[in-house]
Amino acid sequence: MVAVLAYRQGNEGGWAMFKNILVPVDGGDLSATAMARACAFAREAGARVVFYHAIPIYLPAALSVDALFDNGSAYEVFRTAVEQRAQVLLLEAARLAREAGVEHDTVSSECASPYEGIIAAAEQAGCDLIFMASHGRRGAGAFLLGSETQKVLTHCKIPVLIYR
C-alpha cells in the first residue's frame, strides 16, 4: 500500500509520526525547493533527513560509438564527473539541513534507474517517508519515459510525500 500525502507549509504538529525521511536530490530547481521544504517539514516533525542522489551507470553506447573502443578513460572521466556532481549536490543539501537545525545524513549510489536507487536507499536507511519533488513530464515524454516520481509511487511500500 502506498500513501500519497499532501503537504502544506504551516501544518505544524501533524507530522510527528515520521522520524526518518529520505529526500532524493537531482540538482533541478524543483528538487532544490523540495530540499528546503523537506528540512522545514523534518524540523516540524522532529525527524532526521537522509538526502540521496542516484548516480547513473556508465553506458558507453549512450555517449558515443568511439567510447566503445576507449580503453577505460571515458569511464574514468564519467565516474569522476558524476561523483563530483553528487558530492556538490549532497554538500548543498547538508548545508540546508544544518541551517534548519535538522539531523541529517547524505548517501549516493550507482543505480540502473533513479527510482530503484531511491527505493533501495529508503529501505536501507530505515526511512518511514520519502519526500520528493514532482517533476511531471508532459505529453509524449511522460507517455514514453514516465516519471521517476510515478515509478517510486508504483513500486514503493513506504509512504511518499510529493512536493509541487
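The structure displayed is predicted, hence computed values, not measured ones.

Visitor: Looking at this structure, I do not really get the side chain of R79. What am I missing?
Guide: Residue placement: R79 occurs in helix α3 (residues 73-100). Ignoring sequence-local partners within four residues, the contact set of R79 consists of I55, P56 and E110.

Visitor: Sorry if this is basic, but what is going on with helix α1 (residues 29-45) here?
Guide: Note: α-helices contain 3.6 residues per turn, so residues at a spacing of three or four share the same orientation. Taking 1.5 Å of rise per residue, 17 residues should cover 24 Å, and α1 covers 24 Å from first to last C-alpha, within 8% of that figure. What α1 keeps buried is the set S31, A34, M35, A38, C39, A40, F41, A42 and A45. Each element contacted by the buried residues of α1 is listed here: β2 (20-24), β3 (48-56), α3, β5 (129-133) and β6 (160-163). Where α1 ends, the next residue or the one after it, G46, has phi of about 70°, a positive value.

Visitor: What should I look at first to understand the environment of T154 in this one?
Guide: Structurally, the position occupied by T154 is in helix α6 (residues 148-155). Each C-alpha atom, one on T154 and one on Y115, is 9.9 Å from the other, the two residues being 39 residues apart in sequence. Reaching out from T154, the side chain makes a polar contact with the backbone oxygen of Q150 at a distance of 2.8 Å.

Visitor: Where do I start with the pairing of β3 in this structure?
Guide: Regular strands show a simple pattern: their side chains alternate between the two faces of the sheet. When you tally the buried positions in β3, you get seven out of nine residues, the bulk of the element. As defined by bridge partners, β3 adjoins strand β4 (residues 104-111) across eight bridges and the pair is classed as parallel. For P56, the partnering residue across the bridge sits in β4 and is C111.

Conventions used here
Residues numbered from 1 in each chain as written. Predicted model: local features only at pLDDT ≥ 70, side-chain atom pairs only at ≥ 80, totals over all residues. Heavy atoms only, no water. Helix = DSSP H or I, 4+ residues; strand = E, 2+ residues; numbered from the N terminus. Contact = heavy atoms within 4.5 Å. Expected span 1.5 Å × (residues − 1). Buried < 20%, exposed > 50% of the residue type's maximum accessible area, 1.4 Å probe, protein only. Polar contact = N/O pair within 3.5 Å; in protein donor to acceptor, adjacent residues only side chain to side chain. Pairing = 2+ DSSP bridges.

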